[in-house]
Amino acid sequence: MYRFSPGGGIITSVCLVQVSADRSVAEMLTQSARFMAFPDVKEHFKEYHTRYQRKIFKERLSNIASVQPCVADMIYKELALDASSTQHSTTAERMRLIFLGNTELIGDLRHMNPGRPGNTYDTFFEEMAKVVEEATVADERRHNEAHLAAWISVRDLMAQTTERCPEHTLVPSPSLVRLQFSPKNPYSKTALSFTSKLKVQYKIQRRQLRADHMDQHYAAAQFKYLRELAVELGNEKAIFLFADDKAKIPVGEPGLAVSTGVRGKMALTPSTTTLVSLDHDMTKASLTPSVNLICSIPSGVSDSFVQGRVITTINDSVFEGSSPWRHSACVVKFLKDASQTVLLLYTDGGTDHRHTLEAVRLGLICIFKELNLEGIIAGRCAPGHSFTNPAERVMSVLNLGLQNCSLERSIMDLASEVSAKRYGSMKELRQHTALRDPWKESVVSVKHIIANRFRRLKLKDSPIEVMDTITDHEIDLLQRHAQALFPGMNLTKVTKETTSKCAEYTAWKAAHCRERHYTFQIRKCSDPDCCLPLASPTNFAWLPDPVLDEDGLHYKSYKEVADLLTEDGRPSLTASTKSKKVETGKKRPSNFTTLSIEEENNGNGVPLTTQNARSVVECVECRKPRLIYSRHKLTDRQMVSVATLITGFEYTCGSPLCPPGHPQVSNLLVRRGLTCQAPIELAYYAAMMGPVDLCAHCSTSGADPKTSLKKQYKTVLPICRGCEGNGKTPIVARPQGKK
């Protein structure tokens, strides 16, 4: 009798074998061993190992070599004679047959793959090598250094090569082209995939602040109303235009290339060159691209509005500076053939786009008359929230064409160059009119470079268009039409003070316009002698103002406020000032406002007084001057830092002057409690850091203090006739007879 225990919890097997009765003990032992060695017997007595046994074997095997699980199972079964069932029986059987040498079960298909022919793309790559060789620029002073990224992307490099190749030349894929580059790190494992057939590498040139505003929710609701109106009108009737100016592109002097400052990504460059530029950014010349996005209006307000045509103009910042007249002439030029009758315009509210300024309003009126529109709605975002303007999304695309570039203007004639060196800023250059034509000629080549790079870019498969710069003749023609419309207006100084004296202008606005803080709207009147007949039977409806709902946390939907015309929901309109009314007698209130002269500090112990006033910054919203305070007198270097801050950032009342991380953030202070409705600070007039004839309420020049109040008060601030006519009272302080 032979007893066999296979393991794994399976029942013990008993085998009865007939043997001779008189065998010895030695025979019993040898016959038992021989019995299990017979193949027929071994097939019926199998061993079953546990999962833990197999796991231990695989763990130890992994310490020696990396083996696939199916291979490890097959090795264990063959060595340990394990009869346990496998999870993948089909795979295990194939592995067993291959182990036994039955390789004919798998077909050898290697004869069908002769490999890629070596000369398939040779013509293309030979031509590409020539393109790379031609782009290898050597600087006059430093060898193997380039100021300009030759190719914007791999596809751009391929496009330039394809144009030079013979007809019907096979073009490889972009991924195959990348493998022909030189590896960035030749010692890395990925370098084995590169052939280095082309001496090209990805290289980078060696060299957003969001502010809160009390009206940001209100302005966002207004923009949503504008988008819903655009969807309602559709592309057949309305043009939705987003406009903005890109940051200035610095241009160096002849022979001194200055970086554009855009180096966010690596650019394609010959591997034998190094992208370099001057290590400073103080330049006289610069270019300002104006960007206009003619939106392809989607079917829903929640869909993307960043689509459509992009039209850019590249202006010289010195003699072709951005202005409302230039922007208006540009819009008239590229929309003169449009069939739509309604223009919806949205900007970030810059100084040349802010429709609260009379010059911008006059430019919009000129667009309205030149294009014979039924209506115009010009909207803007809250201060410090230019990122909500869809035109800002185009800037990142344009940056692709400007990244890792260094630019320099061409040289002028000797007399002009000598004259230009005498002036250290753009303001001084503008005053020298004799330099106008030579200067424009010197930046033409730089304009062409940037224009060609912009034309190679696309916004969602729509090529970016570059329009010629608006000429002085086109601006003069628009101004003559405005003068004919309003004969009594002085176009050399278009301000609230001057336009209020023009009866034709004020009457025209009263009949055609609707003025709000974040929108300015124009539509035709019913007088046939003034406006041409309407194309549609119904007149253009005004865009409503946002209105808060019952809980006061959200604004109502566009359909709920379609017939409401009120601006009471704007937070800055109801913001309280720190002025207070006082009485001179017991029976009637006084006709002036008195200010308390209490010292204020910004939390770091620096009194915001006249003695600590160091400079002035102007609010881009209300145009009122606000004082900059510092505990100590500013050095010349700090004064340059202040000037850079004022020109580089747009300041609004109540916001900090310096961005976070600025070295002067704790030294330069402004009053944070001010709003645009607050009057000019009393310390401004005492510090004598600017014109003192500014109206304390609206900052209009030419205002005078009331002499009759000087008998009662030591300090009487100026007030203009317009503010006095609107019911505002003079601001006074320090009563006579009190210390």
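A few points on the structure. Quantities reported herein were computed from a predicted structural model and do not represent experimental measurements.

Quick look at the overall build of the protein now. Broken down by element type, the protein carries 22 helices and 25 strands. Within the protein, the proportion of its 739 residues that are buried is 44%. Looking at the protein as shown, the accessible area adds up to about 41400 Å², and 52% of this sits on carbon and sulfur atoms.

Now for the packing of helix H10 (residues 324-334) against helix H17 (residues 472-485). Look at H10 against H17: their axes get within 9 Å of each other, and the N-to-C directions meet at 95°. With respect to H17, the axis of H10 lies roughly perpendicular. Here H10 contributes Trp-325, Arg-326, Ser-328, Ala-329 and Lys-333 to the contact with H17, which in turn contributes Asp-472, Glu-474, Ile-475, Leu-478, Gln-479 and Ala-482. Looking at the contact of H10 with H17 residue by residue, the classes come out as five nonpolar, two polar and four charged.

One pass over the structure, following the stated rule, counts 15 aromatic pairs. Both rings, one in Phe-242 and one in Tyr-346, keep their centres 6.4 Å apart while their planes meet at 80°; by these two values the pair is edge-to-face. Of this pair, Phe-242 sits in strand E5 (residues 238-245) while Tyr-346 sits in strand E12 (residues 342-347); the two residues are 104 residues apart in sequence, bridging distant segments of the chain. Given the relative accessible area of 0%, Phe-242 is considered buried.

Moving on, we get to the nonpolar core. Core analysis: the biggest nonpolar cluster contains 64 residues, and Phe-240, Phe-242, Leu-344, Trp-439 and Ile-450 have the highest contact counts within it. Sorting elements by how many residues they give to this core places helix H9 (residues 216-233) first, with nine residues. In this view, Leu-344 contacts Leu-226, Leu-229, Ala-230, Ala-238, Ile-239, Phe-240, Leu-241 and Ile-377; residues no more than four positions away in its chain are not counted.

Strand direction decides the pairing type here: strand E22 (residues 613-618) and strand E23 (residues 625-629), joined by five bridges, are antiparallel. Residue pairing in the sheet places Val-617 in a bridge with Arg-626 of E23. Remark: six residues form the turn of the hairpin made by E22 and E23, two consecutive strands paired antiparallel; Arg-623 in that turn has positive phi of roughly 65°.

With that settled, the discussion passes to the side chain of Ser-286. For Ser-286, the position within the fold is in strand E10 (residues 285-295). Given a relative accessible area of 6%, Ser-286 falls into the buried group. Of note is the side chain of Ser-286, whose polar atom sits 3.0 Å from the side chain of Ser-317. Excluding anything up to four places from it in sequence, Ser-286 contacts Lys-248, Ile-249, Pro-250, Val-251, Asn-315, Asp-316, Ser-317 and Met-426.

Tallying each qualifying case throughout the model produces zero disulfides. The thiol of Cys-720 is not disulfide-bonded; the next cysteine sulfur, from Cys-723, is found 3.4 Å away. With relative accessibility at 12%, the residue Cys-720 sits in the buried group.

Conventions and cut-offs
Residues numbered from 1 in each chain as written. Predicted model: local features only at pLDDT ≥ 70, side-chain atom pairs only at ≥ 80, totals over all residues. Heavy atoms only, no water. Helix = DSSP H or I, 4+ residues; strand = E, 2+ residues; numbered from the N terminus. Buried < 20%, exposed > 50% of the residue type's maximum accessible area, 1.4 Å probe, protein only. Areas by Shrake-Rupley, 256 points an atom, 1.4 Å probe, with all protein chains shown as cover. Axes fitted to C-alpha atoms, helices over the stretch in contact; angles between N-to-C directions. Parallel < 35°, antiparallel > 145°, perpendicular 65-115°, else oblique. Contact = heavy atoms within 4.5 Å. Nonpolar A, V, L, I, M, F, W, Y, C, P; charged D, E, K, R; others polar. Phe/Tyr/Trp six-rings, centres within 6.5 Å; stacked < 30°, edge-to-face > 60°. Core = buried A, V, L, I, M, F, W, Y, C linked by side-chain atoms within 4.5 Å. Pairing = 2+ DSSP bridges. Polar contact = N/O pair within 3.5 Å; in protein donor to acceptor, adjacent residues only side chain to side chain. Disulfide = S-S within 2.5 Å.

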